[in-house]
Amino acid sequence: MTKTLAVILNHNLPEYTDLLYNSLVSFQRNDYQLIVMDNGSRPDLVSKNTSIRFQANLFWGGAFNEAFKMVLNNPEYDSLLFLNNDIEVTGEIFVRSLRDELFKGNYAMISPCIAGRAQPWKQMQNWGNPSTRIVKWIDMQAPLINRKLIEKINQFDPALYYGWGQELICMDICESMGWKTGVCDFICILHVGKQTVFQNRLFNVKTEEFEIDYNSPITWQEYLDSAWESYVNYFAEHPLKNGEFYEMRAYGEQYSCVTSSKK
């Protein structure tokens, strides 16, 4: 029987990572394997549940590529669940429900919805639908990705190491292949968000090898400016085939799925 590789990504937030790990680990059956991937954390901020540790911070995009390699190198994995550590879930049903929906609905990738306000993409909110909403693309706090899409992508461009842009590449490929992407309003998560930066635990890197300077935390504005510049420049040089860059951003900002109730 094949299973999901479920990866929790930790970078200097072991308290969040361990809470999420503990909420899921007791409910492993033969349908998923849960691991913690540490992404260059300071030694005192490594999760006690770590399975794989990178000495350097590969950033989100680099770690995502490493998780893709794990799936590609192990045919037992039929999908990848890649989890930010600063989320809260209902562990008893979370992975099982996502797996059921991914394969029964023949999706390339799906996501739980996110409780509360848009952060910032409105298609990720809970719109009260009893079935999965088909959307153009999903934000990547907790994507469950079918092996067929991972095999099609293989690896993302290393230039996307910040983790801004992978969602649009997935959209482009799914559009070309006629594959579905969805958000499940009946599976919800709470996303705290930005804690690595807000707790001054995201540090500057000193070399191209991503050596970490633990004495130099990055501010939120510094992070935003660098990530935005990289993001915009990448898609200026690599235009989407099935949409326009700013059109896709506007889709997320303006999305609505209001249905009138029947009496």
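Everything numeric in this text was worked out from a predicted model, so none of it was measured.

Novice: Quick one: what's the story with the environment of Gly-61, residue by residue and with numbers?
Specialist: Structurally, Gly-61 is set in helix α2 (residues 59–72). Classification of Gly-61 by relative accessible area gives buried; the value is 4%. Residues Gly-61 and Ala-159, 98 residues apart in the sequence, show an inter-C-alpha distance of 8.6 Å. Aside from chain neighbours lying at most four places away, what touches Gly-61 is Leu-160, Tyr-161, Tyr-162, Gly-163 and Gln-166.

Novice: I'd love a proper account of the pattern of salt bridges, names of residues and values included.
Specialist: Should the charged atoms of two oppositely charged side chains come close, the side chains can pair. Under the defined criterion, the tally for this structure stands at nine salt bridges. Between Lys-3 and Glu-76 there is a salt bridge; the shortest N-O distance is 3.5 Å. Taken as a pair, Lys-3 in strand β1 (residues 3–10) and Glu-76 in the loop between α2 and β4 (77–84) lie far apart in primary sequence, 73 residues in all. Close ionic contact of Glu-66 with Lys-69 constitutes a salt bridge, the shortest N to O distance being 3.2 Å. Here the residue Glu-66 and the residue Lys-69 both occupy positions in helix α2, the gap between them amounting to three residues, near one helical turn.

Novice: I'd like a description of the side chain of Asn-84, backed by residues and values.
Specialist: Tracing the backbone through its elements, the reader meets Asn-84 in strand β4. Separated by 3.4 Å, the side chains of Asn-84 and Trp-60 make a polar contact. Once you skip the residues sitting within four places of it in the chain, Asn-84 turns out to touch Leu-20, Trp-60, Met-140, Gln-141 and His-191.

Novice: Mind laying out unusual backbone geometry, listing which residues take part and the relevant values?
Specialist: Of note, the bond from Gln-119 into Pro-120 is cis; its omega dihedral lies within 30 degrees of zero at 0°. Here Pro-120 shows up in the loop between β6 (107–114) and β7 (133–134). The phi angle at Asn-106 is positive, at roughly 55°, despite the residue not being glycine. For Asn-106, the position within the fold is in the loop between α3 (94–104) and β6.

Definitions and cut-offs
- Residues numbered from 1 in each chain as written.
- Predicted model: local features only at pLDDT ≥ 70, side-chain atom pairs only at ≥ 80, totals over all residues.
- Heavy atoms only, no water.
- Helix = DSSP H or I, 4+ residues; strand = E, 2+ residues; numbered from the N terminus.
- Buried < 20%, exposed > 50% of the residue type's maximum accessible area, 1.4 Å probe, protein only.
- Contact = heavy atoms within 4.5 Å.
- Salt bridge = Lys/Arg side-chain N within 4 Å of Asp/Glu carboxyl O.
- Polar contact = N/O pair within 3.5 Å; in protein donor to acceptor, adjacent residues only side chain to side chain.

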